[in-house]
Every structure is written in structure tokens, then in C-alpha cells.
Amino acid sequence: MLNYALLVHGAPYSHQAALSALRFADTVVTSGHRLVSVFFYHDGVHNASALMSPPQDEVHLAEGWQRLHQDYGTQLLVCIAAGLRRGLLSADEANRHGLASHNVEAPFELTGIGQLVDAMLNNDRLITFAP
Amino acid sequence: MTSVHVSDIEPQDVLIVLRHPPHGSHWLREGIDVALVAAAFGQRVGLLFQGDGVYALLEGQQSGALGQKGTHPQLAMLEMYDIDSLWVSAAALSERGLSVDELMLPVKPLSAEAVAELIQAQPHTLIF
Amino acid sequence: MLLHLLNRSPQSTAVYRDLGEAFGVNDQLLLIEDACYAALPAASGVLAAFGGRISVLEEDLVSRGLAGRVSPAITVVDMKGFLALTETHERCVSWF
């Protein structure tokens, strides 16, 4: 059994990257490995939007990520610097910035790039999916 | 231009490969951010400028329209973070008509063979 | 020994060139997403640097209508095969 982490740079429904990453994630966890964390960076932060509303006949990426957390305990880490710039805010961050609404909710967590460095150093594999 | 020999390459903890030019996208900026944070976490960090990433090293860069920040202020901070293992693809430079003397940082040019060797030697590599 | 993941069409020649420079003698290349088009025989020129150590992801081929068009020098792998490549290679770098 290996510990995996993923780095996702691709925005949902713009490029295949997020789909490829979710598909690979499912393969990791159903093959006896552990998917410790997924770090969303660059445009990948949009995967964390609680307002994502794809048509019913398309895969719901945010729900797919949440399912990994619920079923396998995978941490869903969103880069706070990349997220804030692009309008991805938790309730706490929205308060801090005086904004009326937010769109990042647990199990997604806004966190620093240090968590990406940590994921790279402390897992057996880090696999990147970029647009 | 004399390229660095393979045997001169000292492995780092983390190698960040920068392949994108400044201003046109956020790749370069977000890649350098990872390098700075990794260094702040006590990792030995090396940078390889490859492809259009070599344009990050041009002298005379400025902020863009509407105050768009460039990456040159970030690169100026590398020394403060003890990031001094800086390499550049010699082929990428010559394809673009550039030489190491006109770049803003003291980077070591690597032959194609040395680029492959560099990437093989690093325990962790991220490409931006 | 690295696994290189590549997702760009063979028309994106710059990324193939940079990857070619970084590719080690024992490395493996896995083509996914739009890099599947590089698995067509007509694109073999861009893969010359990779010494036949090339795989392509089956489901991305099939979705693009390329299943019967792959160059015989390239190994077709499914998702389990993709995972297996990441198991046998300690490090994986992604080019885009």
C-alpha cells in the first residue's frame, strides 16, 4: 500500500484535468492504496466551489471530491492565496474580508502552500493533473 | 557558452521547473511561490528555467497595465530565501537568442544531457 | 527512473521538446488527454526522443475515436495500468 497525494491545477468543466484527477483518485482508493490529500492550486481551486451546478447528466466534480473525503478520509486542501484571488472563500475568510457570502465549505479547507510542500515530502507519490 | 557538467549538480530537496513566461499567465508566479514556501519550510530548493520560462530572467521587466505584478520582484527575493541553485536550459536560451550575461540572476546553463541528469537526481520535482 | 505524464497534443511542440530534454534513459512516458493524438503513427516524429518507452491511456484514446489507430510501438494501458506505472516509478512529473 502506498500513500498518494494529488495536485490539481485544472478548473472544473474547462479542461479534462479535474476529471482525469478524480478518475485517477477513484482508481487509487479502490486498489488498496491510501489517497491522503488532494491539493487544489492555480485554477484548480474552482473545484471547491459549493455553488458548482453542472447539468444533471454530467459528473458533479465537487461532489466527487467530497465523496472521497467521506468514504476514504481524503483531505481536500485548497490553496488560500490562489483561492482568495479567484473568489473562493470560506465563511471565515468572507467575514474577514467583509463579504456577504462564501462558497467554500467543509470538507474543503482553505490552507497554505506549506500543505502542498508537506504533501510532496510526506507521501510516497504526488501526481499532478494540469490543464 | 560553457555548460555545467553533470558531476557539478548538487541534488536539492525540491526542484521547481519553470516553463512559462511572466505576465501572460499565473503559472510562473505560482511556481515561484511554491519554491519560496518550500525554502521557508527549510527545504533546499533548486530552480530550473526551461522553455519560455527563461524569459522570466530578462532584465528590465516591469509591472504590467492595471498594476499587474510581474515575477521579477519574486525572483529578487530568492537570495533572501537561500535559493541559489539556479539552472537554465542552454538550448532554451540559444533558441531564443539569449545568453547568460543578459539575465537578472546568476544561472548555470545546462546541456540537454545535464537537464535530464538534474531531474533524475532530485527527490521531488514540480513543473510549472 | 521517472514516469512522465503528458497531456498536450503533438502540435504543442515546445512541451515535447522540453520533456525530451528532461527524459532519462530509463524513464517512461504516459500519454493522456490530448497527448493521445501523439499515439497516431503520423505523429511518431515528436516521440522519437522517448525510445519506445511510451504508453497511452486507453479510455482517453477510446473517447477520441483513436482506439484502432495507435502506433504499434506504443503500449495501451487502462486506469489500472496507469496506477501500476505510478506504483513502479517512485516519481511522476507532469508536463502541460
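What comes next is a walk through the structure. (Residues numbered from 1 in each chain as written. Chains lettered and ligands numbered in written order. Predicted model: local features only at pLDDT ≥ 70, side-chain atom pairs only at ≥ 80, totals over all residues.)

1. Side note on the overall build of chain B
Move 1: Scanning chain B for helices and strands turns up 4 helices and 5 strands.
Move 2: From first element to last, N terminus to C terminus, chain B shows the α and β order β-α-β-α-β-α-β-α-β.
Move 3: Computed over the C-alpha atoms, the radius of gyration of chain B is 14 Å, within 12% of the 14 Å expected from 2.2 N^0.38 for a compact globule of 128 residues.
Move 4: For chain B, the spread of C-alpha atoms along the principal axes amounts to about 45 × 35 × 20 Å.
Move 5: Here chain B holds 128 residues, and the buried ones make up 45% of them. (Helix = DSSP H or I, 4+ residues; strand = E, 2+ residues; numbered from the N terminus. Rg over C-alpha atoms; globule rule 2.2 N^0.38 Å. Buried ≥ 20, exposed ≤ 12 C-beta atoms within 10 Å, placed from the backbone.)

2. Here's the deal with the pairing of strand β3 (residues 54–57) of chain C
Residues and elements named next belong to chain C.
Move 1: With 3 bridges joining them, strand β2 (residues 28–31) and β3 adopt parallel strand pairing. Bridge assignment links Leu 30 to a residue of β3, and that residue is Ser 55.
Move 2: Direction of pairing for β3 relative to strand β4 (residues 75–77): parallel, over a ladder of 3 bridges. By the bridge assignment for β4, Val 56 is matched with Val 76. (Pairing = 2+ DSSP bridges.)

3. Some thoughts on the packing of helix α1 (residues 17–29) of chain A against helix α2 (residues 61–72) of chain A
Residues and elements named next belong to chain A.
Move 1: Contact geometry for α1 and α2: axes closest at 10 Å, N-to-C directions at 20°. By the criterion of interaxial angle, the relationship of α1 to α2 is roughly parallel. Crossing angle aside, the handedness with which α1 passes α2 is left-handed. Across the interface between the two elements, Ala 18, Leu 22, Ala 25 and Val 29 from α1 touch Leu 61, Gly 64, Trp 65, Leu 68 and Tyr 72 from α2. (Axes fitted to C-alpha atoms, helices over the stretch in contact; angles between N-to-C directions. Parallel < 35°, antiparallel > 145°, perpendicular 65-115°, else oblique. Left-handed = near helix turned anticlockwise from the far one by under 90°. Contact = placed C-beta atoms within 7 Å.)

4. Some remarks on the interface of chain C and chain A
Move 1: Across the contact, 11 residues belong to chain C and 14 residues belong to chain A.
Move 2: Among the elements of the structure, α3 (79–88) and β5 (91–95) of chain C are those that each provide at least two residues to the side of chain C that touches chain A.
Move 3: Considering every element that reaches the side of chain C that touches chain A, the biggest residue donor is α3(C), with 6 residues.
Move 4: When the residues that make up the side of chain C that touches chain A are grouped by side-chain class, the tally is 6 nonpolar, 2 polar and 3 charged. (Nonpolar A, V, L, I, M, F, W, Y, C, P; charged D, E, K, R; others polar.)

5. Thoughts on the sheet that holds strand β1 (residues 3–8) of chain A
All names here are of chain A.
Move 1: Taken in spatial order, the 5 strands line up as β4-β3-β2-β1-β5 in an open sheet, and their pairing is parallel. At either end of the open sheet lies a strand with only one pairing partner, and these are β4 (108–111) and β5 (125–129). In this sheet, neighbouring strand axes are inclined to one another by 25° on average, regardless of whether the strands run parallel or antiparallel.
Move 2: With 6 bridges joining them, β1 and strand β2 (residues 34–40) adopt parallel strand pairing. Residue pairing for β2: Tyr 4 is matched across the bridge by Leu 35.

Everything listed here is a matter of coordinates, which is why it stays silent on function.
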